[in-house]
Amino acid sequence: MNDLDQLYQQVILDHAKARSGSPLQEAAAGHRHGESHQHNPICGDQIKVRVELDDSGNLGKISWEGEGCSISMASASVLTELATGLSRDDFMDKLSVFREMMRSRGAATPDEEVLEDAAAFVGVSKFPARVKCAMLSWVATEAALLAANG
Ligand code: ZN
């Protein structure tokens, strides 16, 4: 394993422990919010994400609860830090960059400016069975955002 792989693995382990955004928070009264529950049958991961929009319609608050492997839990934590405060369009842009990286089967060079700690999941993209683990919280957030927008 090279130094970068080791660094990325450490990022994932740290986030799996710290779990930014967990547990789930009640949405503030008067704010639009949406939630989504997603299940990954391959690995058994479960996650429920709640997105609360701020007055400008941005992702004001993201919170979640879940159970599953380190990759799925770390990805939700990274996503919370990365996506909080973003506009819907900026979130969708990052989602498509992340999805493209996860479909690369290890071939992508991650854009750390766009993905920040989410770049650490590039190694996971070599293992097709684990890609869903890393994508689960992103898919849940996208669905929660759609629900919040009615
Ligand atoms: Zn998993």
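Residues numbered from 1 in each chain as written. Predicted model: local features only at pLDDT ≥ 70, side-chain atom pairs only at ≥ 80, totals over all residues. Heavy atoms only, no water.

I tried to follow the overall build of the protein chain on my own but got confused; where do I start?
Per the secondary structure count, the protein chain includes 5 helices and 3 strands. Starting at the N terminus and walking to the C terminus, you meet the elements of the protein chain as α-β-β-β-α-α-α-α. In terms of overall dimensions, the protein chain has a C-alpha envelope of 50 × 30 × 25 Å along the principal axes. Restricting to contacts in the protein chain with at least 6 residues of sequence separation, those with at least 24 account for 61%. Computing the positive centroid from 14 side-chain charges and the negative centroid from 22, the protein chain places the two 7 Å apart. (Helix = DSSP H or I, 4+ residues; strand = E, 2+ residues; numbered from the N terminus. Contact = heavy atoms within 4.5 Å. Lys, Arg positive; Asp, Glu negative; His and termini not counted. Charge placed at Lys NZ, Arg CZ, Asp CG, Glu CD.)

Which parts of the structure should I look at to understand the coordination of the zinc ion?
Surrounding the zinc ion are the protein donor atoms Cys43 (SG), Asp45 (OD), Asp45 (OD), Cys69 (SG) and Cys133 (SG), at 2.2 to 2.7 Å. Donor residues for the zinc ion sit on one chain with the sequence pattern C-x1-D-x23-C-x63-C. A residue pair is termed long-range when its members are at least 10 positions apart, and Asp45 in strand E2 (residues 45-53) and Cys69 in the loop between strand E3 (59-67) and helix H2 (70-83) qualify at 24 residues. Summarising the burial analysis for this pair, Asp45 and Cys69 share the class buried. (Donors = N, O, S within 2.8 Å, 3.2 Å for Na, K, Ca; no water. Buried < 20%, exposed > 50% of the residue type's maximum accessible area, 1.4 Å probe, protein only.)

Please explain the packing of H2 against helix H5 (residues 128-148) as it appears in this structure.
Between two packed helices, the angle of one axis relative to the other and the distance separating the axes together describe the packing. For the pair H2 and H5, interaxial distance at closest approach is 8 Å and the crossing angle is 40°. Where H2 crosses over H5, the two elements pack in a sense that is right-handed. Only Arg130, Cys133, Ala134, Ser137, Trp138 and Thr141 of H5 make contact with H2, whose side of the interface consists of Ile71, Ser72, Ser75, Ala76, Leu79 and Leu82. By residue class, the composition of the contact of H2 with H5 is 7 nonpolar, 4 polar and 1 charged. (Axes fitted to C-alpha atoms, helices over the stretch in contact; angles between N-to-C directions. Left-handed = near helix turned anticlockwise from the far one by under 90°. Nonpolar A, V, L, I, M, F, W, Y, C, P; charged D, E, K, R; others polar.)

Teacher, can you tell me more about the nonpolar core here?
Nonpolar side chains in soluble globular proteins tend to be buried together. Ranked by size, the top nonpolar core spans 43 residues in total, and within it Val51, Phe91, Phe98, Met102, Phe121 and Trp138 carry the most contacts. Mapped onto this core, the elements with two or more residues apiece are helix H1 (3-18), E2, E3, H2, helix H3 (88-102) and H5. When residues in this core are grouped by element, the largest group, 10 residues, is from H5. Not counting residues within four places of it along the chain, the set of residues in contact with Trp138 comprises Ser75, Leu79, Leu82, Phe91, Lys94, Leu95, Phe98 and Ala118. (Core = buried A, V, L, I, M, F, W, Y, C linked by side-chain atoms within 4.5 Å.)

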